[in-house]
Amino acid sequence: MDQDRTQPGRDGQASLAQTARRFRLGLFLPYILLALLVVAWSIAWFWIRGRAATEIDGWIAREAAAGRNWACADRSLTGYPFRIELRCSAVTLERSDGRFRLGPSTAVAQIYQPRLVLFESAGPFHVEQGALTGDASWGKLQGSVHGASDGFTRASLVVDGPNVTVTGADPGPIAIAGQHLELHARPTPGRYESEGAIDVSLQLAQAAVPQLDALTGNPAPADLSLDATLTQATVLRTGPVPRELERWRQAGGTLDLAALSLAKGAQRVQAKGTLALDDAHRPVGQLDLRAAGVDALIGSVVGQRFGSEKGALIGQLVGGLLGLGRQPGPDAPADTAPLKPLPPLKFVNGRIVFSGFPIPNLYLPVLY
């Protein structure tokens, strides 16, 4: 009888023990699942990292087979857990027509958005192309590329404090420094598939260009903006420049300038038109111009043809007739002088023709 009385108590204790075990399992289950998720994600991240390394090695090998030797010094792939981050202490390219070197650089892609690549570089940049040597430095350089299955949807570059010098150029070295540079590109809607066209937008603020100062007689910094479409851009690759330019020329490539604007103090020029390359590999085409405050520059150009005194007088007369030397009122900003149309600027047979006359002592170079 006593044994029968104690049996229900034992069953109750067993039931309580099972309930406690289930409670403890339920308490730790979220942590167990989280640990499993972390392990699975870690395995997936290292697999993606391995795939990225394989793709990079494969691309470098394909480029080397084509004669373009890329190198990423001290390459590292990090970014766990949510991104892939490629770091190089230097990026170099060597090929038959030259070489370049870029300083410490980083490219980053998020695991959940692999087609968006962000990059930055501390610089500097050095390039050797035949007789030309170029160097560039900056305060800050950042960019991005939105990739797509058949190319890209948008690319951007932003540079603070760009400073560029080119030596070996004819007739002399070129130096350009600015406060801020932005460059954006995208496939041209409705023209990318049929013409391989890409829209390009460029803005350079507060640029100092000694050669331009000497040409215009104006030491003020320049603001440059450009909106253009480059057709047949999809034929361009990373091969030697002469070969790529010739491929582009034979494909019928053009540079369609929708709006080119240059402001330098009270001097302002706007242009639009189309440029290409002729059979001799020189620029060819026509630009339609509007300008203000450039009568002295026209006088200088005309003076080279008719003599300094007579040319200056004719230039002032032409500028006056076109209203190019008209200044705004004393209380108006310097850049409010109305823009007046100019005769078109034509690039023909290696010469620059203005108002029907080739500009003396000025010849278009053979680009390659």
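This is a predicted model, so every value here is computed, not measured.

Thresholds, definitions, all that
- Residues numbered from 1 in each chain as written.
- Predicted model: local features only at pLDDT ≥ 70, side-chain atom pairs only at ≥ 80, totals over all residues.
- Heavy atoms only, no water.
- Helix = DSSP H or I, 4+ residues; strand = E, 2+ residues; numbered from the N terminus.
- Contact = heavy atoms within 4.5 Å.
- Disulfide = S-S within 2.5 Å.
- Buried < 20%, exposed > 50% of the residue type's maximum accessible area, 1.4 Å probe, protein only.
- Pairing = 2+ DSSP bridges.
- Phe/Tyr/Trp six-rings, centres within 6.5 Å; stacked < 30°, edge-to-face > 60°.
- Axes fitted to C-alpha atoms, helices over the stretch in contact; angles between N-to-C directions.
- Salt bridge = Lys/Arg side-chain N within 4 Å of Asp/Glu carboxyl O.
- Core = buried A, V, L, I, M, F, W, Y, C linked by side-chain atoms within 4.5 Å.

Caption draft 1: Here's a closer look at the environment of L141. Position of L141 among the secondary structure elements: in strand β10 (residues 140-148). Put simply, L141 and S105 are 36 residues apart on the chain and 9.7 Å apart in space, counted from C-alpha to C-alpha. Beyond its immediate stretch of four places on either side in the chain, L141 contacts F119, E120, S121, L157, V158 and V159.

Caption draft 2: Highlighting the state of the cysteines. Inspection of the entire model under this criterion finds one disulfide. Disulfide pairing is shown between C72 and C88; the S-S distance is 1.8 Å. What sets the handedness of the C72 and C88 disulfide is the S-S torsion sign, and at about -100° it is left-handed. One end of the pair, C72, is in strand β1 (residues 69-73); the other, C88, is in strand β3 (residues 83-88), with 16 residues separating them in the sequence. According to the relative accessible area criterion, C88 is buried, its value standing at 9%.

Caption draft 3: Representation of the pairing of strand β23 (residues 357-363). Pairing geometry for strand β22 (residues 351-354) and β23, over three bridges, is antiparallel. Residue pairing in the sheet places F354 in a bridge with F357 of β23. The antiparallel pairing of β22 with β23 creates a hairpin that spans two residues between the two strands, and S355 there sits at a positive phi of about 55°.

Caption draft 4: Inspection of the packing of aromatic side chains at higher detail. Taken as a whole, this structure holds seven aromatic pairs when the rule is applied. For the ring pair W45 and F46, a centre distance of 4.9 Å and an interplane angle of 90° mean the geometry is edge-to-face. By relative accessible area, W45 is classed as buried at 5%. Ring centres of W70 and F100 lie 5.6 Å apart, and the angle between their planes is 80°; this geometry places the pair in the edge-to-face category. A residue pair is termed long-range when its members are at least 10 positions apart, and W70 in strand β1 and F100 in strand β5 (residues 98-102) qualify at 30 residues. Ring pairs connect the aromatic residues W59, W70, F100 and F125, which therefore count as one cluster.

Caption draft 5: Quick peek at the sheet that holds strand β12 (residues 163-167). One open sheet holds the seven strands; their spatial order is β1-β4-β5-β8-β9-β12-β13, and the pairing between them is antiparallel. Looking at which strands have only one partner, the edges of the open sheet turn out to be β1 and β13 (174-177). Ignoring which end each strand starts from, the neighbouring axes of this sheet average 10° apart. Relative to strand β4 (residues 90-95), β1 runs antiparallel, the two being bridged by five bridges. Along β4, the bridge assignment pairs N69 with E94.

Caption draft 6: Representation of the pattern of salt bridges in the model. Across all of its chains, the model carries 16 salt bridges by this definition. R99 is the partner of E128 in a salt bridge, and the nearest nitrogen-oxygen pair spans 3.2 Å. You can see E128 sitting in strand β8 (residues 125-129) and its partner R99 sitting in strand β5, a full 29 residues away along the chain. Residue classification places E128 among the partly exposed residues on the basis of a relative accessible area of 27%. Owing to a relative accessible area of 44%, R99 belongs among the partly exposed residues under this scheme. In this structure, R191 and E195 form a salt bridge, with 3.0 Å as the shortest nitrogen-oxygen distance.

Caption draft 7: Structural detail: the environment of P338. Relative to the helices and strands, P338 is located in the loop between α6 (308-322) and β20 (340-341). Its relative accessible area of 40% is what places P338 among the partly exposed residues. For P338, the residues in contact, after removing those within four places along its chain, are R268, A291 and A292.

Caption draft 8: Structural detail: the pairing of strand β11 (residues 151-160). Summarising the sheet, β10 and β11 pair through nine bridges and their orientation is antiparallel. Within β11, the position partnered with G147 by the bridge is F152. Linkage of β10 to β11, two consecutive antiparallel strands, is achieved through a turn of two residues.

Caption draft 9: Here's a closer look at the nonpolar core. Counting 16 residues, the largest nonpolar core has L257, L287, L289, L345, F347, I352 and F354 as the members making the most contacts within it. Put simply, the parts of the chain that give this core at least two residues each are β16 (222-230), β18 (267-277), β19 (283-292), β21 (345-348) and β22. Among the elements that line this core, the one with the most residues is β19, at three residues. Setting aside its immediate chain neighbours within four residues, L257 contacts L226, D227, A228, K272, G273, L275 and L287.

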